[in-house]
Amino acid sequence: MAELKLRPLADRVVVEPIEREEMTPSGIILPETAKERPQEGRVIAVGPGRVDESGKRVPMEVKVGDRVLFAKYAGTEFKVDTTKKLLILKESDILAIIEE
Amino acid sequence: MAELKLRPLADRVVVEPIEREEMTPSGIILPETAKERPQEGRVIAVGPGRVDESGKRVPMEVKVGDRVLFAKYAGTEFKVDTTKKLLILKESDILAIIEE
Amino acid sequence: MAELKLRPLADRVVVEPIEREEMTPSGIILPETAKERPQEGRVIAVGPGRVDESGKRVPMEVKVGDRVLFAKYAGTEFKVDTTKKLLILKESDILAIIEE
Amino acid sequence: MAELKLRPLADRVVVEPIEREEMTPSGIILPETAKERPQEGRVIAVGPGRVDESGKRVPMEVKVGDRVLFAKYAGTEFKVDTTKKLLILKESDILAIIEE
Amino acid sequence: MAELKLRPLADRVVVEPIEREEMTPSGIILPETAKERPQEGRVIAVGPGRVDESGKRVPMEVKVGDRVLFAKYAGTEFKVDTTKKLLILKESDILAIIEE
Amino acid sequence: MAELKLRPLADRVVVEPIEREEMTPSGIILPETAKERPQEGRVIAVGPGRVDESGKRVPMEVKVGDRVLFAKYAGTEFKVDTTKKLLILKESDILAIIEE
Amino acid sequence: MAELKLRPLADRVVVEPIEREEMTPSGIILPETAKERPQEGRVIAVGPGRVDESGKRVPMEVKVGDRVLFAKYAGTEFKVDTTKKLLILKESDILAIIEE
């Protein structure tokens, strides 16, 4: 990821998902139910925030490095260097920050 | 839950649902009808509130520890340590606080 | 209802519906037509009002004790002590106050 | 209607519809076409007006006693004393006032 | 139309449609295509304008007597004195004023 | 077009489409794909602009005489003098001005 | 592209897509999954920004020359000089700027 820098627009966030088998350290285990399941990830780039109707930027709540829970089917997926899978999400698709 | 801290974003709330068989002390019994049924829970984490169009945070009405009624099919479910089931809801999915 | 106090959030209202056979004193009789039919009830708890986009609370028009007409299929139903059926509605689902 | 007073909420209006056979005095005759057809009525109660996003009430344009045209399938219907049929509409469902 | 005065609410307009065979003087001929086709009419009554979110009336752009083009399937149709067909439209359904 | 003047309302624009075979001078050729294809035209009348929620007119970006690209299936089509085909669009359906 | 200048309206952007086979230098490889896939492109024209509800222009975040990721199925496609394929997008369809 050294050569490729992404600067997300508005309230978008680039997240590197953490696969389910790697999720045990955090203690979060996703249930096998019909409900929408969140996924865990690491924030690697953050936009400047959306502009509200009065013309001001709304500051972002997440920052680079945050571990986050997000809705599993949110966002747009792409790959870097064949192997690394990333997601671009809106901040509103992020449910919570996992504090460490 | 000691090692895992969740900081919900915006107007989101983490709730630990109270199973129906445990709901008798509160006196609330859910009818077997076709209507949408609320569920009871305990608030364990609260976001900072959504930002309104004039750029100010709307304060949250619920706080950690509140017993709440919420719409049964609202929110995103996940598990902690295989057993503990939690939900992340928007505050607008919470119908009422049960005072004790 | 003595031991169970509900504090509705935002512009929500807790209403105890009045069954149709009890509705004759008010003179309101619901027609057997295909149209949406209102139902009569008594307000037993009222939220603090929703917060508008300028950050101020919009005061509620209904108060505890009001007899109200509301859309029959609105809201979320639950029971207290096996017998008492209550509804949580948004104030916007209440059509009119019946003055006595 | 003497014993039953209805106080509509927000921008709602209680209207007593005028049946089609009684509509000849006004000169309005509804065509038998596929289009949405308005219906004539008399306003018998008026709400205080909706609260706009800046927290102010928007004054109502109709008043008690106005003869009005409204969209035929709008609103919620109910009966008073078995015979009298009334409708609760939003003011936005009223198309025009018929001046006399 | 002498005895019947209609006062449209908000941003509504009463229009008397001009039949297609009478439309040649204006030079507008409607094509037989699948696209939405406008219809020509004469404005005979105009509402006071809608109230915007800051509580002010938005002045109407059309006035009584204007010849207008409007979307053919917009609005609510009714008849006066068996023969005269009128439409109540929102001003936003009017596409243009035909200057004479 | 000398005798017929159209004054579009709000943010509407009257455009005379330029047929595809005439589009070669501009160098724009529309691909035969499944995507939505823009069409080229000449602006012949421009409305005064929409009124925003604070009651002010938003000035129009296009002016009479502009060559424009617009979404092919936008707007309402009509004919003048049997032959001339015109379109009434909202300015938001115009994608770009083609500078000459 | 020398003779054809496009001035996009509002918050629209003209983008020249970069074909997938040319995308290897950036290191971004699109996965063969069911998810929405972003596409890479170069910005060649930028609108002046949308006007917000308080009547002010919201400045654009992208500028001519930026390499961008955008949602693959967004926007309107057209061709210039038979060969060059361009897209007109809203800035909100652009996910991120790729820094070089």
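Up top is the structure.
Now for a look at the structure at hand. Remember, predicted model here, so these are calculated numbers, not experimental data.

Procedures and definitions
- Residues numbered from 1 in each chain as written.
- Chains lettered and ligands numbered in written order.
- Predicted model: local features only at pLDDT ≥ 70, side-chain atom pairs only at ≥ 80, totals over all residues.
- Heavy atoms only, no water.
- Helix = DSSP H or I, 4+ residues; strand = E, 2+ residues; numbered from the N terminus.
- Buried < 20%, exposed > 50% of the residue type's maximum accessible area, 1.4 Å probe, protein only.
- Contact = heavy atoms within 4.5 Å.
- Areas by Shrake-Rupley, 256 points an atom, 1.4 Å probe, with all protein chains shown as cover.
- Pairing = 2+ DSSP bridges.
- Lys, Arg positive; Asp, Glu negative; His and termini not counted.
- Salt bridge = Lys/Arg side-chain N within 4 Å of Asp/Glu carboxyl O.

Take the overall build of chain A next. Counting its regular elements, chain A contains 0 helices and 8 strands. Split into buried and exposed, the 100 residues of chain A put 54% on the buried side. Taking as baseline every contact in chain A between residues at least 6 positions apart, the subset at least 24 positions apart corresponds to 65%. Element-wise, carbon and sulfur atoms account for 51% of the exposed surface of chain A, whose accessible area totals about 4,500 Å².

The next point concerns the pairing of strand β8 (residues 94-99) of chain A. Burial analysis of β8(A) places 5 of its 6 residues in the buried class, which makes it a mostly covered element. Bridging between strand β5 (residues 67-71) of chain A and β8(A) involves 4 bridges; their strand directions are antiparallel. By the bridge assignment, A:Phe70 is partnered in β8(A) with A:Ile94. Pairing analysis gives 4 bridges linking β8(A) to strand β1 (residues 5-8) of chain B, with the strands arranged antiparallel. Considered in β1(B), the bridge of A:Ile97 is made with B:Arg7.

A positive phi angle is found at A:Ala10, which is not glycine, with a value near 55 degrees. Residue position: A:Ala10 is located in the loop between β1 (5-8) and β2 (12-17).

In this section: the environment of B:Gly41. Here B:Gly41 is to be found in strand β4 (residues 38-46). Measuring from C-alpha to C-alpha, the distance between B:Gly41 and B:Ile97 comes to 9.7 Å, with 56 residues separating the pair along the chain.

Time to look at the environment of A:Glu19. All names here are of chain A. Counting through the fold element by element, Glu 19 comes out in the loop between β2 and β3 (28-29). On the accessibility criterion, Glu 19 (31% relative accessible area) is partly exposed. In sequence terms Glu 19 and Gly 41 are 22 residues apart; their C-alpha atoms lie 8.3 Å from each other.

Let's shift gears to the side chain of F:Asp52. You can see F:Asp52 is positioned in the loop between β4 (38-46) and β5 (67-71). One buried charged residue, F:Asp52, forms no salt bridge at all, with the nearest opposite charge on F:Lys56 at 5.5 Å. Filtering out sequence-adjacent residues up to four positions away, F:Asp52 remains in contact with E:Asp52, F:Val58, G:Glu53, G:Ser54 and G:Gly55.

All right, on to the environment of F:Val64 then. Residues and elements named next belong to chain F. Tracing the backbone shows Val 64 in the loop between β4 and β5. Using a relative accessible area of 53% as the deciding quantity, one classes Val 64 as exposed. Setting aside anything within four residues of it in sequence, one finds Val 64 in contact with Val 43, Ile 44, Ala 45 and Val 46.

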